[in-house]
Amino acid sequence: MIPDNHFIMITQRSIEEGIAMEKGKQSKEYFDACSVIEMNELDMLMLGIEENTPVLVKSECGQVVVTAIVGLQILKPGMCHIRQGVWANQIVPCRTQSTGVPQYSGFPVTIEPARDRNVLNVYELLYSSLGVTR
Amino acid sequence: MVLVREGIGCPYCGCSCDDVRITLSDDGKKILDVENACAIGTEIFLHATNHHRITHPRIRQPDGSFNEISYEKAIDFVATAILNAKKPLMYGFGSTTCEAQGAAARLMELGGGVLDNCASICHGPSLMAFFDNGHPTCTLGEVKNRADVILYWGANPVHAHPRHMSRYAIYPIGFFTGNGHLRRTVIVVDPRKTDSAGTADYHLQIEPGMDYELINAFRMVLYGFESDIPEMVAGIPKQSILEISKVLREAKFGVCFFGMGLTHTDGRNHNVDIAISLMRDLNAVSKWSIMAMRGHFNIAGPNMVWSWSYGFPYCLDLTKGEHAHMNPGETSTIDLAIRDEIDLFINIGTDAAAHFPIDAVRHLKKHTWITIDPNMSMAAEIADLHIPVGISGIEVSGIVYRMDNVPIQYRKVIDMPDGMLSDEEVLNRISERLEELMESERVKAEVPDISLQKGISPAPGFTQSLI
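Predicted model only: the values in this text are computed from it and were never measured.

Right, let's talk about the overall build of chain B for a bit. Looking only at helices and strands, chain B has 20 helices and 21 strands in total. What you see for chain B is a C-alpha radius of gyration of 24 Å, in line with the 23 Å of a compact globule of 467 residues. Counting only contacts in chain B whose residues sit at least 6 apart along the sequence, the fraction spanning at least 24 positions is 67%. One finds the centroid of the 41 positive side-chain charges in chain B at a distance of 3 Å from the centroid of its 58 negative side-chain charges.

What follows is about the overall build of chain A. Check the secondary structure of chain A and you find four helices and six strands. In chain A, the order of α-helices and β-strands from amino to carboxyl end is β-α-α-β-α-β-β-β-β-α. A globule of 134 residues ought to have a C-alpha radius of gyration of about 14 Å, and chain A, at 14 Å, matches this closely. Taking the principal axes of the C-alpha coordinates as reference, chain A spans close to 45 × 35 × 30 Å.

Before going further, it helps to examine the UniProt feature "domain: Molybdopterin dinucleotide-binding" (unreviewed entry) in chain A. With numbering aligned to this structure, UniProt lists the feature "domain: Molybdopterin dinucleotide-binding" (unreviewed entry) at residues 7–105 of chain A. Measuring from the first to the last C-alpha atom of residues 7–105 of chain A gives 12 Å, for a span that is 23% helix and 28% strand.

This brings us to the sheet that holds strand β15 (residues 316–317) of chain B. Strand pairing in a sheet is mediated by backbone hydrogen bonds. Such pairs are either parallel or antiparallel. Residue and element names in this part refer to chain B. An order of β5-β4-β19-β18-β17-β6-β7-β15-β16 is seen for the nine strands of this open sheet, with the pairing classed as mixed. The outermost strands of the open sheet, each flanked by one partner alone, are β5 (66–68) and β16 (325–326). Relative to β5, strand β4 (residues 58–60) runs antiparallel, the two being bridged by three bridges. Along β5, the bridge assignment pairs arginine 58 with glutamate 68. Helix α13 (residues 300–310) contacts β7 (114–117) and β15 of the sheet and is inclined by roughly 145° relative to β7.

With that out of the way, let us pick up the nonpolar core. By size, the foremost hydrophobic cluster in this structure holds 64 residues, and its most contacted members are A:Ile37, A:Met39, A:Val57, A:Trp87, A:Ile111, B:Phe356 and B:Trp369. Residue contributions to this core peak at six residues, all from helix α4 (residues 122–130) of chain A. Once you skip the residues sitting within four places of it in the chain, A:Trp87 turns out to touch A:Tyr30, A:Phe31, A:Cys34, A:Ser35, A:Val64, A:Val65, A:Val66, A:Val119, A:Leu120, A:Asn121, A:Val122 and A:Leu125.

Residues and elements named next belong to chain A. Spatially, β1-β5-β2-β4-β3-β6 is the arrangement adopted by the six strands of the closed barrel, whose pairing is mixed. Mean inter-strand twist for the sheet, computed between neighbouring axes without regard to direction, equals 45°. The pairing of strand β3 (residues 54–59) with strand β6 (residues 105–113) spans four bridges and is antiparallel. Counted as the bridge partner of lysine 58 is threonine 110 from β6.

A few words now on unusual backbone geometry. Peptide bonds are, in most cases, trans, and in most cases residues other than glycine have a negative phi. Residue and element names in this part refer to chain B. Even without being a glycine, asparagine 36 presents a positive backbone phi close to 80°. In this fold, asparagine 36 is placed in the loop between β3 (31–35) and α1 (39–50). The backbone of phenylalanine 93 sits at a positive phi, close to 80°, despite the residue not being glycine. Here phenylalanine 93 lies in the loop between β6 (88–92) and α3 (98–111). Classification of phenylalanine 93 by relative accessible area gives buried; the value is 0%.

Turning to the interface of chain A and chain B, a few remarks are in order. Each partner contributes residues to the interface: chain A has 50 residues there, and chain B has 58 residues. For the pair chain A and chain B, the summed buried area comes to about 4500 Å², and 58% of that belongs to carbon and sulfur atoms. Its largest share of buried area at the contact with chain B, chain A owes to A:Glu22, A:Gln73 and A:Thr99, together 14% of the area lost on that side. Linking chain A with chain B are three salt bridges, by the criterion used here. As a salt-bridge pair, B:Asp351 and A:Lys25 come within 2.7 Å of each other at their nearest N and O atoms. For the side of chain A that touches chain B, the elements supplying multiple residues, two or more each, are β1 (6–10), α1 (15–23), β5 (79–82), β6 and α4 of chain A. Of the residues forming the side of chain A that touches chain B, the biggest block, eight residues, is contributed by α1(A). When the residues that make up the side of chain A that touches chain B are grouped by side-chain class, the tally is 22 nonpolar, 19 polar and nine charged.

All names here are of chain A. Neither face of strand β2 (residues 36–39) is open: one carries Val36 and Glu38, the other Ile37 and Met39, and all of them are buried. Of the pairings in the sheet, the one linking β2 to β5 comprises three bridges and is antiparallel in character. In the sheet register, methionine 39 faces β5, and the bridge partner there is cysteine 80.

For any two helices packed against each other, the geometry is given by the interaxial angle and the distance between the axes. Running from N to C, α1(A) and α1(B) point in directions that differ by 5°, and their axes come no closer than 8 Å. Of the possible angle classes, the one that applies to α1(A) and α1(B) is roughly parallel. Residue-level inspection shows A:Ile15, A:Gly18, A:Ile19, A:Glu22 and A:Lys23 of α1(A) in contact with α1(B), the latter providing B:Ala39, B:Ile40, B:Glu43, B:Ile44 and B:His47.

All names here are of chain B. Evaluated as defined, the whole model comprises 31 salt bridges over all chains. One salt bridge in this structure joins arginine 167 and aspartate 19, with 3.1 Å as the shortest N-O distance. Note that arginine 167 is positioned in helix α7 (residues 164–169) and aspartate 19 in the loop between β1 (3–8) and β2 (20–24), a separation of 148 residues in sequence. Given the relative accessible area of 18%, arginine 167 is considered buried. Judged by its relative accessible area of 23%, aspartate 19 is partly exposed. Where aspartate 415 meets lysine 412, a salt bridge forms, and the shortest distance between an N and an O atom there is 2.9 Å. A residue is classified by how much of its surface remains accessible, and aspartate 415, at 57% relative accessible area, is exposed.

What counts, and at which threshold
- Residues numbered from 1 in each chain as written.
- Chains lettered and ligands numbered in written order.
- Predicted model: local features only at pLDDT ≥ 70, side-chain atom pairs only at ≥ 80, totals over all residues.
- Heavy atoms only, no water.
- Helix = DSSP H or I, 4+ residues; strand = E, 2+ residues; numbered from the N terminus.
- Rg over C-alpha atoms; globule rule 2.2 N^0.38 Å.
- Contact = heavy atoms within 4.5 Å.
- Lys, Arg positive; Asp, Glu negative; His and termini not counted.
- Charge placed at Lys NZ, Arg CZ, Asp CG, Glu CD.
- UniProt positions renumbered as here; feature names shortened; annotations may be inferred.
- Pairing = 2+ DSSP bridges.
- Axes fitted to C-alpha atoms, helices over the stretch in contact; angles between N-to-C directions.
- Core = buried A, V, L, I, M, F, W, Y, C linked by side-chain atoms within 4.5 Å.
- Buried < 20%, exposed > 50% of the residue type's maximum accessible area, 1.4 Å probe, protein only.
- Buried area = accessible area lost by both parts, 1.4 Å probe.
- Salt bridge = Lys/Arg side-chain N within 4 Å of Asp/Glu carboxyl O.
- Nonpolar A, V, L, I, M, F, W, Y, C, P; charged D, E, K, R; others polar.
- Parallel < 35°, antiparallel > 145°, perpendicular 65-115°, else oblique.

Shown next as structure tokens:
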């Protein structure tokens, strides 16, 4: 059976992200806080994803490689969470339903193991996404 | 001898805590200790004097590196860019004072641009719902002194507003709430079992994006149609809905705090709209208020300042010159960016490069990008011009509006590094420079020529009418 790798993504604030952001977005703390995806343990088992290994997350508008961890705040199976920030915003759809607010939460994504991929740091990610060199 | 400053306002979230105690070094230049603030607020204060500050404006060179320039040159660059742009956009303001927000309005009215604030990617839909359905609200003081039922809907205060529960909503002992949290009932509605949900008496683990349906179910119970409710609504059993409805109805003073769970998901303003309707229905049998969990310490500020200036709280299109115009979806930052309608982007007091979807950043980066911000943010990193300013609330005094729209005077704790300016000073000086440039354009255009003799307007109508 092919495991269903479709999930509902939520990108929101966490206190780890808030503290790290104030230290500076170039800090190691910010990388550690924001370049992770929180998942349900059962989903990780089903997809063969080990904790603290890279996964590729794809949405309708982009993709990003982040490190998978078991959710610190418990998620139902089928849901996942990337803390708001540069990594999360690689996959957030711009559709605003005529309110100005993008779809930061409740959009579909797929997740697959990506052991051979690296999680980019904030500069690599931003500049490669914008197609410019630093 | 160390210096201690008391009653200091925290420049982090919408709680705008104004009881922070700061210990300074002997010379008053370094922040040594922070008391009463949350972990994030403490980090902001300590970070202000514990790292290398950028104290001069920096402009991007053709080779990609930054070069330091004077404030005068930077101000001239911005004024010229605004003059030459067809549709400039100034966005941000979550971390600025109301004085700077007023100065920004003056500048963009003069330059004929679009003015938007962080509500545009946050509580903008809530403001739209307030237009449509009213806003039965109260102050956080009333919450502390009166509230016996607290409903957090799509909000996670433990992480995003760390002192909200302890200072206002759940734990404090108020005038009519003498037993603090012991006599308060806390309900959290969230698809995740968040740390806030862990503190609640009831946690409704709703299906993502099904908030409208669940609020509707509560309304059905209140209207006496409970027999028509299916066994499960939005992942919540009917029995729980009936139980919670009873708690809501029997509240002496209930308050619903809602967050991004309503405004970032499908439905947006309609989710908030029906939550307000639920409050109205509850007010027939009890007493309920509703309040948005505003994200930044002064993000309610631009909504207030621009509402009394123009009649609209965000997404202000001032390009028409004679009147302001607001239409989210058309004049909102993300939509303008995606449609490539903007040819100059000014990011102030926020970090659009880190917090916008990357597609929007890509579009905005096609044109000149100017960042006015104290810190080395991602928006400063990719900017063509970065103007550093004093940190509002720490180095710059000013008025801020708390999440319940109560204005608070923030006092500065330390001085800015020598030679630096505040947001307000920078914006006012750009306005003055822009006025000079527009005046010289007007004089040039007034040189007698054939068009004048024929009675044709010598300069673009909008520019002319403003002067």
